[in-house]
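# Observations on the three-dimensional arrangement
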Amino acid sequence: MQGEATGACFHGCCTASLLSLTEPPKPKVPTTSAASRSNFAASSASSIFPDTQFTNHESLPSLPEAFFNFTEAYPQYAVTEQADCIRADEFYHLSQSNQVCLDYIGFGLFSHSQHQTSSGTASTSSPPPQSPISQSSFFDISYKAVSLNSQILYGTHETPLESALRKRIMNFLNISEQEYGMVCTANSASAFKLLAESYPFQTNRRLLTVYDHDNEAVNGMVETSQKRGARAVSASFSWPSLRINTAKLRKMVTGNKKKKRKGLFVFPLHSRMTGSRYSYLWMTMAQEKGWHVLLDACALGPKDMDTLGLSFFKPDFLICSFFKVFGENPSGFGCLFVKRSSSSAVEASTVAKSIGIVSIIPAKQFSNLPEDSSGTDFESHNSKAKLPEESRAVTGAEPAQTSDGQCRSLGSSRRQSEVGEASELSSEIVALEKPDSVQTGKSPIKGAETDESFKIECRGLDHADSLGLVRISCRVRFLVNWLVLALLKLRHPHSETGHPLVKIYGPKIKFDRGPSVAFNVFDWKGEKIEPALVQKLADRRNISLSYGFLQNIWFSENYEQEKQNVLENRTNKLVIPGGKKMGKFGTGITVVTAAIGFLANFEDAYRLWAFIAKFLDADFVEKERWRYVALNQKTIEV
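Residues numbered from 1 in each chain as written. Predicted model: local features only at pLDDT ≥ 70, side-chain atom pairs only at ≥ 80, totals over all residues. Heavy atoms only, no water.

## Re the pairing of strand β5 (residues 231-234)
Examined bridge by bridge, strand β4 (residues 206-209) and β5 share 4 bridges and lie parallel to one another. Its bridge partner lying in β5, Leu-208 is registered against Val-233. In this fold, the crossover linking β4 to β5 by way of helix α10 (residues 216-227) has right-handed handedness. (Pairing = 2+ DSSP bridges. Helix = DSSP H or I, 4+ residues; strand = E, 2+ residues; numbered from the N terminus. Right-handed = clockwise from strand over helix to strand, strands pointing away.)

Set out below in structure tokens:
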């Protein structure tokens, strides 16, 4: 049934859009915002496949049928048609490659179409028959031997490109240049490590983190801070909801009332794996108790900063990432923001001079990324960017693992350079234009270093601004909640205990949940199918998923028996001072994760659902294994 809908169009800009054919009823205006929130879960459950369980992947409704049901349940989705137009015009390579990208989360920066303009190719409304994904680099990074302390206090000469990019990013994040200084880093992992090397842990000894999953960038910060005398502790998350254990976290934040100096409080606004959202009032409490607050904004989507209200809740430090997800362009970088009034908390450090502070400079020439390239986000950068010898081991990431601890699929060459921090469905391309460059046809990059009359265009950010917070929030909310509900409708047939196919970790159907879903697939006997295997099988169908490790889970006495069946052990190999290797043991849950961005559409969610439903066939995994062997067997000529 899935194949019946391959030719369907889901872009609101099309003349025969499915939305207009279905003629959804006009949206009902809720009486109050509170009523809308409280009724959302109930109305969703009663509208999407009510009283229906799917026990066979062949019994799923077709894509048009499912979309009709979706628009009836969420008629306001029609308001987000503009996102479909942007995807069709600017990111047509997604449809061309038949790729479903659900392994990214974070900010967007550049569009694929922008590459065509930047390279001198006129942008057209209809995509060319064959438009290869760009492998060109439109800016480079140049490493600086400078400490964070001197960079914040004295600054350095900015290139016109760097100055324009800084202003555009700070404007997008609603951050005032008068209140914050911005430092560009190789990626977010180097930003965390840079701050850990510069923060005065000798006097402010505590490091408190709030993460329900293994995060490689934060792990690097913890290891560095502990070497410098810090005492690192983590918040815990209550099973089965995986909400913050508020009593324990409040106690850790409050601490000893006699001690005025606390330390560094590292806080994300939501989990990039489970989609659990956390109140930013924790930041206020921490600051009132004497903590310096680092806000991890890497998992925030476009326009999420509009809800944060930084004019009221001002973290001392903020880290975000601008790194690509789609395409093979190797360029990318992270940003560390330091509140100027908190700059005294940044120490001068000789070690920090070799940790990933970079300048963004125009590329001198275009370069291609080899087809077999892979590795960490450090290794993915343009080869012209010189990396200091001491900085090469900042992340210590495995080739297929990102700095947030998630593992992304590397099965196809078009995504082999995607390892590292992710930005929203984008090829990393900067369009540098003089005001009259379009009319004159001059090269947009020529003379960029010396001529300050050019402007920088980041269409990915412009798209988010044009859509706005309401449209983006509604689109993501409807898609992610539909996906959760649809997955929960899948159950194994003829099972004595009625085993569900999928288990969701964290929030289920919820008005204000985050865009990520953490889940596992179980066979008819109730045994978990390895997340890495699920990811590989999805990759064969051009569906990109991630998997990661949930941790810091707290079980009350009521769930003590369940604890033994839920948790699994994991050992990480660490290199300690002196070059010795040791094992770091941890307990948690390995899960599959999918993230919905504002450029994702209903077909993306449906294709994931249809793929997961195939596991209802008890022989599906075995069939796929033999199919893989058959397709990859060598032909020997006699």
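## Focus on empty space enclosed by the protein
This model, assessed by the stated rule, comprises 3 cavities of 30 Å³ or more. Empty space within the largest cavity amounts to approximately 70 Å³. What lines the largest cavity is simply Val-210, Tyr-211, Asp-212, His-213, Asn-215, Pro-268, His-270, Ser-271, Arg-272, Tyr-278, Asp-296 and Ala-299. Taken together, the residues that form the lining of the largest cavity break down as 5 nonpolar, 4 polar and 3 charged. (1 Å grid on protein atoms, 1.4 Å probe; cavity = no way out; pocket = protein on both sides within 12 Å on 5 of 7 lines; lining within 4 Å. Points joined across faces, edges and corners; volume = space filled by probe spheres on them. Nonpolar A, V, L, I, M, F, W, Y, C, P; charged D, E, K, R; others polar.)

## Examining the pattern of salt bridges
As enumerated under the stated definition, the model contains 18 salt bridges in all. One salt bridge in this structure joins Asp-604 and Arg-87, with 2.8 Å as the shortest N-O distance. Placement of Asp-604 in helix α18 (residues 602-613) and of Arg-87 in helix α4 (residues 81-90) is noted, with a sequence separation of 517 residues between them. Of the residues examined, Asp-604 reaches a relative accessible area of 5% and is grouped as buried. A cluster of three or more residues bridged by salt bridges with shared partners is formed by Arg-168, Lys-303, Asp-462 and Asp-465. (Salt bridge = Lys/Arg side-chain N within 4 Å of Asp/Glu carboxyl O. Buried < 20%, exposed > 50% of the residue type's maximum accessible area, 1.4 Å probe, protein only.)

## Here's the deal with α10
It helps to recall that an α-helix has 3.6 residues per turn; residues three or four apart then point in one direction. Over its 12 residues, α10 runs 17 Å from end to end, which matches the ideal 16 Å to within 8%, given 1.5 Å per residue. By the criterion of burial, α10 is predominantly enclosed, with 9 of the 12 residues buried. Those residues of α10 that fall on the buried side of the exposure criterion are Glu-216, Ala-217, Val-218, Asn-219, Gly-220, Met-221, Val-222, Thr-224 and Ser-225. In the core, the buried residues of α10 are packed alongside α9 (188-198), β4, β5, β8 (263-268) and β9 (292-296). Of the residues that open α10, the one with a side-chain oxygen 3.0 Å from the backbone nitrogen of Ala-217 is Asn-215. Positive backbone phi, approximately 100 degrees, marks Gly-229, located one or two places after α10. (Expected span 1.5 Å × (residues − 1). Contact = heavy atoms within 4.5 Å. Polar contact = N/O pair within 3.5 Å; in protein donor to acceptor, adjacent residues only side chain to side chain.)

## Quick look at the nonpolar core
Counting residues in hydrophobic clusters, the biggest one holds 119 residues, and the most contacted among them are Phe-265, Phe-337, Trp-482, Ile-612 and Phe-615. A per-element tally of this core places helix α15 (residues 459-488) first, with 15 residues. Every residue in contact with Phe-615, bar those within four places of it in the chain, is listed here: His-492, Leu-501, Val-521, Ile-529, Val-534, Leu-537, Phe-620 and Val-621. Grouped together as the second largest cluster of nonpolar side chains are 31 residues, Val-146, Phe-192, Ala-230 and Ile-357 included. (Core = buried A, V, L, I, M, F, W, Y, C linked by side-chain atoms within 4.5 Å.)

## Some words on the pairing of β9
Burial of β9 is extensive: 5 of the 5 residues sit out of reach of the surface. In β9, alternate side chains face the same way, and those of His-292, Leu-294 and Asp-296 on one face and Val-293 and Leu-295 on the other are all buried. Where β8 lies against β9, 5 bridges are found, and the strand directions are parallel. Within β9, the position partnered with Phe-267 by the bridge is Leu-295. Regarding topology, helix α12 (residues 281-288) serves as the crossover connection from β8 to the parallel β9, and that connection is right-handed.

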